[in-house]
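A look at the structure
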Amino acid sequence: MLLALDVGNSNLVAGVYEGMTLRAHWRLQTTLGRTADEYDTLLRTLMTASSLPLDAIEAVAVASVVPRLAPTLAEFSRRTFGQEPWVVGDNLQPRLLVRYDPPSDVGADRLVDAIAAIRRYGTPALVVDLGTATTFNAISGAGEYLGGAIAPGVGTALEALFHAAARLPWFELARPARVIGGNTVEAMQSGAFHGFVSLIEGMVSRFKAELGDDARVVATGGWSELIGRASRGVDHVEPLLTLEGLRLVWEERSSPP
């Protein structure tokens, strides 16, 4: 079995694969102060609750955009599973031609998302990752990572608004019943929900003008179920695309090109 760890700025998503099957997955808060012992306790508890034996883990693969967590997760992998982790960008390299300048600036999550989109849906493709940031990642018809666009994430934008505007209350984002809000919370929900849906739809249209109308559009990330599914032009919603990409990159590490 493979333990795949998608380490983002807001959440750490862990998944256990048996072959191509995702047996279980969990979403944890990314906490810089959490120790290897704490990760050990957390994963032991979660895996036991899912009837997954720790000694069945044959490898640990990590895609992280939080460099400060690297030593802790490496220690956790060695201590809990007796495995040196496979880390994207270190000892695990996706088979993907990157046209970005410089290539090292592309986050590990964006690379493995691209691999998953190519393998599952073909090319050209556009991956929209709705996480701490909202990223648009373009893949050419030849399977090259071209680059993209980076915008504020849904949660990031809402937190900035809440902290900057003293009179605005905190609220739970949900799909509003109508665009015209009848009170402050409804107006904020409308602005956030329809604003981000419009962002996705507008950017998808602009990317397709350069990639071609046949580009497959895949939404992923923590906000993809809410925002991605409501956005015209999104063909597929895959909240766990990064885990799937990690599995593919790990499986392809020793196969012939």
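Just above, that's the structure.
This text gives an overview of the structure that appears in the document. (Residues numbered from 1 in each chain as written. Predicted model: local features only at pLDDT ≥ 70, side-chain atom pairs only at ≥ 80, totals over all residues. Heavy atoms only, no water.)

Considerations on the environment of His194
Counted only if it meets this: To qualify as a helix, a DSSP run of H or I must reach at least 4 residues; to qualify as a strand, a run of E must reach at least 2; elements of each kind are numbered from the N terminus. Any two residues whose heavy atoms approach within 4.5 Å are treated as being in contact.
Mapped onto the fold, His194 is located in helix α5 (residues 184-211). For the pair His194 and Val179, spaced 15 residues apart in sequence, the C-alpha separation works out to 7.5 Å. When neighbours within four sequence positions are excluded, His194 is seen to be in contact with Pro176, Arg178, Val179 and Gln189.

Notes on helix α1 (residues 36-49)
In an α-helix there are 3.6 residues to a turn, and that puts residues three or four apart on one side. Selection criterion: One less than the number of residues in a helix, times 1.5 Å, gives the span that helix is expected to have. We call a residue buried when its accessible area falls under 20% of the maximum for its residue type, exposed when it is over 50%, and partly exposed in between, using a 1.4 Å probe and counting protein chains only. In this description, one arc is meant: the one made by directions from the helix axis to the C-beta atoms.
When the terminal C-alpha atoms of α1 are compared, their 20 Å separation across 14 residues agrees well with the 20 Å that a helix rising 1.5 Å per residue should span. Three or more residues of α1 are buried, namely Ala36, Tyr39, Asp40, Leu43 and Met47. For α1, the angular spread of buried residues about the axis comes to 105°, placing them on one side. Within α1, the exposed residues directed more than 90 degrees away from the buried face are Thr48 and Ala49. Summarising the contacts, the buried residues of α1 are in contact with β1 (2-7), β2 (11-18), β3 (21-29) and α2 (70-81). Once α1 finishes, Ser51 follows within two positions and takes phi at roughly 60°, a positive value.

Describing helix α7 (residues 241-251)
α7 sits mainly inside the fold: 10 of its 11 residues count as buried. Looking at α7, one finds that the buried residues are Leu241, Thr242, Leu243, Glu244, Gly245, Leu246, Arg247, Leu248, Val249 and Trp250.

Points about the pairing of strand β4 (residues 59-64)
For clarity, the threshold we go by: Following DSSP output, two strands are said to pair if at least two bridges run between them. If the strands point away from the viewer and the path from the first strand over the helix to the second runs clockwise, then the crossover is right-handed.
Most of β4 is tucked away, with five of its six residues classed as buried. Pairing of β1 with β4 involves six bridges; the strand directions are parallel. Across the sheet, residue Leu3 finds its bridge partner in β4, namely Val60. In this sheet, strand β5 (residues 86-87) lies alongside β4 in parallel orientation, the contact comprising two bridges. Bridge pairing in β5 places Ala61 opposite Trp86. With α2 bridging β4 and its parallel neighbour β5, the resulting β-α-β unit is right-handed.

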